[in-house]
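These are the residues of each chain, in order.
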Amino acid sequence: MNWTLEVVIVPVTDLDRAKKFYADQLGFTVDHDTVISDDARIIQLTPPGSGCSIVIGKGAVPDMPPGSLKGLQLVVPDIERARAQLVERGVDVSEIQVLGVNPSPTPHPMDNVGFVFFADPDGNSWGVQQISSRA
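Worth saying up front: this structure is predicted, and the values here are computed from it rather than measured.

One non-glycine residue, Asn112, adopts positive backbone phi at about 75°. Within the fold, Asn112 resides in the loop between β6 (97-98) and β7 (114-119).

Here's what the structure looks like:
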């Protein structure tokens, strides 16, 4: 039986600001933006190629302190290209960091060990790792 992770709730302060960041700056697809009532709204966004989405919202999502989600991770086939896209879109992203040593030979020296890091406007933190075999 497969157990797939499909949605992660990301706590934010301002839904429109967060939607703009995730859609316009990170390039996530807006799957839906549903207003349930004056006090409830859900926005689902999905990173390109991902089987897991994020949800930002109010009223209909768990109440968590904005910025409290740390260590979310995206995987890309090319960390240099991914970092360049983030910089081009105005994301404050770290330089590429090598963390660890490849456990076995890989086609690219950054595979498995190349990372960049950034945070959304509320301080929720993200890492991006290169794993080209998942391209």
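With that settled, consider the pattern of salt bridges. Scanning the entire structure with this criterion turns up six salt bridges. Among the salt bridges present, the one from Asp33 reaches Lys19, with a minimum N-O distance of 2.9 Å. Placement of Asp33 in strand β2 (residues 29-37) and of Lys19 in helix α1 (residues 15-25) is noted, with a sequence separation of 14 residues between them. Relative accessible area serves as the criterion here: at 28%, Asp33 is assigned to the partly exposed category. Arg83 is paired through a salt bridge with Glu95; the nearest N and O atoms lie 3.2 Å apart. Of this pair, Arg83 sits in helix α2 (residues 79-88) while Glu95 sits in the loop between α2 and β6, and the two are 12 residues apart along the sequence. Under the relative-accessibility criterion, Glu95 is labelled exposed at 57%. Via salt bridges that share partners, Asp16, Lys19, Asp33 and Arg41 belong to a single interconnected network.

Judged by pairing direction, the sheet is mixed, and its four strands sit side by side in the order β1-β4-β3-β2 without closing on themselves. On the outer flanks of this sheet lie β1 (7-9) and β2, each paired with one strand and no other. Sheet twist, expressed as the average angle between the axes of neighbouring strands with direction ignored, equals 20°. Sheet topology places β1 next to strand β4 (residues 53-58); three bridges connect them, and they run parallel. Bridging from a neighbouring strand, Val8 pairs with Ile54 of β4. Of the strands in this sheet, β2, β3 (40-46) and β4 are in contact with α1, which crosses β3 at around 10°.

We now examine the pairing of β7. As paired elements, β6 and β7 share two bridges and run antiparallel to each other. Each residue of the ladder has a partner; that of Val98, found in β7, is Gly114. Sheet analysis places β7 next to strand β8 (residues 125-130), joined by five bridges and oriented antiparallel. Residue pairing in the sheet places Phe115 in a bridge with Gln129 of β8. The turn linking β7 back onto β8 is made up of five residues, and Gly123 within it adopts a positive phi angle of 100°.

What follows is about α1. Those residues of α1 not exposed but buried are Leu15, Ala18, Phe21, Tyr22 and Ala23. Two to three positions downstream of the cap, the backbone nitrogen of Asp16 sits 3.1 Å from a side-chain oxygen, assigning the N-cap of α1 to Asp14. Note on α1: the residue one or two positions beyond its end, Gly27, has a positive phi of about 80°.

What counts and what doesn't
- Residues numbered from 1 in each chain as written.
- Predicted model: local features only at pLDDT ≥ 70, side-chain atom pairs only at ≥ 80, totals over all residues.
- Heavy atoms only, no water.
- Helix = DSSP H or I, 4+ residues; strand = E, 2+ residues; numbered from the N terminus.
- Salt bridge = Lys/Arg side-chain N within 4 Å of Asp/Glu carboxyl O.
- Buried < 20%, exposed > 50% of the residue type's maximum accessible area, 1.4 Å probe, protein only.
- Pairing = 2+ DSSP bridges.
- Axes fitted to C-alpha atoms, helices over the stretch in contact; angles between N-to-C directions.
- Contact = heavy atoms within 4.5 Å.
- Polar contact = N/O pair within 3.5 Å; in protein donor to acceptor, adjacent residues only side chain to side chain.

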